[in-house]
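Residue-level listing of the chains:
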Amino acid sequence: MKEDIKSMSLEELEIFIESIGEKKYRAKQVFSWLYKGIYNFNDMSDLSKELRNKLDQIAYIERLDILKIQESKKDRTRKYLFGLRDGSAIESVFMKYRHGNTVCISSQAGCRMGCDFCASAIGGLTKNLSPSEMVDQVIAIEKDTGEKVNNIVVMGTGEPFDNYDNLCKFIVLIHTQEGMNMSLRNITVSTCGLIPKIKEFGTDFPQVNLAISLHAPNDAIRSKLMPINRKYPMDELLRVCHEHTMVTGRRITFEYALIEGVNDSSENAKELADKLSNILCHVNIIPLNLVSERDYRGGGRRSAQIFCNILTQNGINATIRRELGSDIDAACGQLRLKQKN
Ligand code: SAH
């Protein structure tokens, strides 16, 4: 079987290159070609013909198949449907903000966390993405748009901490200077609350931003919406979040999708403010985006503003997330697994 060269860290690639009798420095050349969006060893023009042939025989360059691109008429957000080798598909989103271009990538095809309001959970988990499948979402989008990606958020389909090792490899890959050279501070990983991994991540990557999908002010509501809460309840989650901010010195983002009649009352806002009062954090309020298979409704902009004001008045830093790409189902929670055809 051929080696997945795009999943190799620069160090692994150096060992690989030496193992086939080549000089170590060749690894840097190969590595940087991969991040320029080169998909054919033959196009690596500073390598000898012999090495190009050798690599072609023993390794492959992961390439996602662009099945479909949709562009939002409202805000130029672009949603990509990518096909994977096994026939499954994933989605990624390219967004233009004033502070730069952001790509939202998927970490799994499907998801097994089962959150009740989220389209990505429909149909369960198909597979964990390899590091190269995560990296190539970014490379393919840079190549297609001709624009540099400045920020990466791991907030697409899947639970990144349910694919922890590949997630970590992915972060190392895009951070490597010879490749994308992305600053760790420009990466955000979002989790529904897998406590043991939150702890590990704080030690492994203290500079990467952490976002927690909270969506409720207490266990009763959260357990109804998010099955993971029955395993890792909120008090413990918030305790670990507090610890995380102490260890990393960095603010945590809590995502809170407002669902009409479920978690959007003034009492809910007050209870939330109380629970978060000792945590260095920011609350990102998201008016729930429509998922056709679900009958939850978002309360709209006005109720989001009221909720946000209560948090702010109670000393909690909060803003309402600008919705991008909702007309092409590219907004939070609208990404879903689609099969080819
Ligand atoms: N599994 C990770 C990464 C996904 S991030 C996590 O849960 O954090 C996607 C974000 O969109 C999560 O905060 C998720 O809870 C939120 N979301 C899911 N469905 C949504 C919907 N219908 N409207 C708004 N946000 C939603």
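A short tour of the structure in this document, coming up.

Conventions used here
- Residues numbered from 1 in each chain as written.
- Predicted model: local features only at pLDDT ≥ 70, side-chain atom pairs only at ≥ 80, totals over all residues.
- Heavy atoms only, no water.
- Buried < 20%, exposed > 50% of the residue type's maximum accessible area, 1.4 Å probe, protein only.
- Helix = DSSP H or I, 4+ residues; strand = E, 2+ residues; numbered from the N terminus.
- Arc of directions from axis to C-beta.
- Contact = heavy atoms within 4.5 Å.
- Near = heavy atom within 4 Å.
- Polar contact = N/O pair within 3.5 Å; in protein donor to acceptor, adjacent residues only side chain to side chain.
- Nonpolar A, V, L, I, M, F, W, Y, C, P; charged D, E, K, R; others polar.
- Salt bridge = Lys/Arg side-chain N within 4 Å of Asp/Glu carboxyl O.
- Axes fitted to C-alpha atoms, helices over the stretch in contact; angles between N-to-C directions.
- Left-handed = near helix turned anticlockwise from the far one by under 90°.
- Pairing = 2+ DSSP bridges.

Brief notes about helix H3 (residues 49-58)
Here is step 1: The set of residues buried in H3 consists of Leu51, Arg52 and Leu55. For H3, the arc enclosing every buried residue in end-on projection is 100 degrees, short of the 170-degree limit, so these residues lie on one face. H3 presents Glu50 and Gln57 as exposed residues on the side facing more than 90 degrees away from its buried surface.
Here is step 2: Structurally, H3 contributes buried residues whose contacts are with helix H1 (10-19), helix H2 (26-35) and strand E2 (59-60).

What about the site of the ligand?
Here is step 1: Taken together, 20 residues surround the ligand, and among them Gly158, Ser190, Ser213, His215 and Asn289 come closest.
Here is step 2: In the model, an oxygen atom of the ligand is placed 3.3 Å from a nitrogen or oxygen of the Thr191 main chain.
Here is step 3: Within the contact set of the ligand, an oxygen atom lies 2.5 Å away from a side-chain nitrogen or oxygen of His215.
Here is step 4: Breaking the shell around the ligand down by element, the ones donating at least two residues are strand E10 (187-191) and strand E12 (252-258).
Here is step 5: Its residues assigned to classes, the shell around the ligand comprises ten nonpolar, eight polar and two charged.

What to know about the pattern of salt bridges
Here is step 1: Inspection of every chain in the model, using the stated rule, returns 17 salt bridges.
Here is step 2: In this structure, the salt-bridge partner of Glu91 is Lys79, at a minimum N-O distance of 3.3 Å. One end of the pair, Glu91, is in strand E5 (residues 89-97); the other, Lys79, is in strand E4 (residues 78-83), and twelve residues separate them in sequence.
Here is step 3: A residue is classified by how much of its surface remains accessible, and Lys79, at 3% relative accessible area, is buried.
Here is step 4: Among the charged side chains, a salt-bridge network with shared partners connects Glu71, Arg76, Arg78 and Asp144.

Here's the deal with the packing of helix H10 (residues 266-276) against helix H11 (residues 300-313)
Axis angle and axis distance: for two packed helices, these are the angle between their axes and the distance between the axes, and together they describe the pair.
Here is step 1: Interhelical geometry of H10 versus H11 gives an angle of 35 degrees and a closest axis separation of 9 Å. With respect to the hand of their crossing, H10 and H11 are arranged in right-handed fashion. Touching Ser266, Asn268, Ala269, Lys270, Leu272 and Ala273 of H10 are Phe307, Ile310 and Leu311, all from H11.
Here is step 2: Broken down by class, the residue content of the contact of H10 with H11 amounts to six nonpolar, two polar and one charged.

So, the side chain of Asp162
Here is step 1: Relative to the assigned elements, Asp162 resides in the loop between strand E9 (151-154) and helix H5 (164-175).
Here is step 2: Within the structure, Asp162 has its side chain in polar contact with the side chain of Arg112 (distance 2.7 Å).
Here is step 3: Here Asp162 is in contact with Gln108, Arg112, Met113, Leu125, Asn128 and Leu194, once residues within four sequence places are set aside.

With respect to the pairing of strand E3 (residues 65-71)
Here is step 1: Inspection of the sheet shows E3 paired to E4 by six bridges, in the antiparallel sense. Note that in E4 the partner of Asp65 across the bridge is Gly83.
Here is step 2: In textbook terms, the turn of a hairpin is the stretch between consecutive antiparallel strands, and for E3 and E4 this stretch comprises six residues, one of which, Arg76, has a positive phi near 65 degrees.

Distances and angles like these do not, on their own, reveal function.
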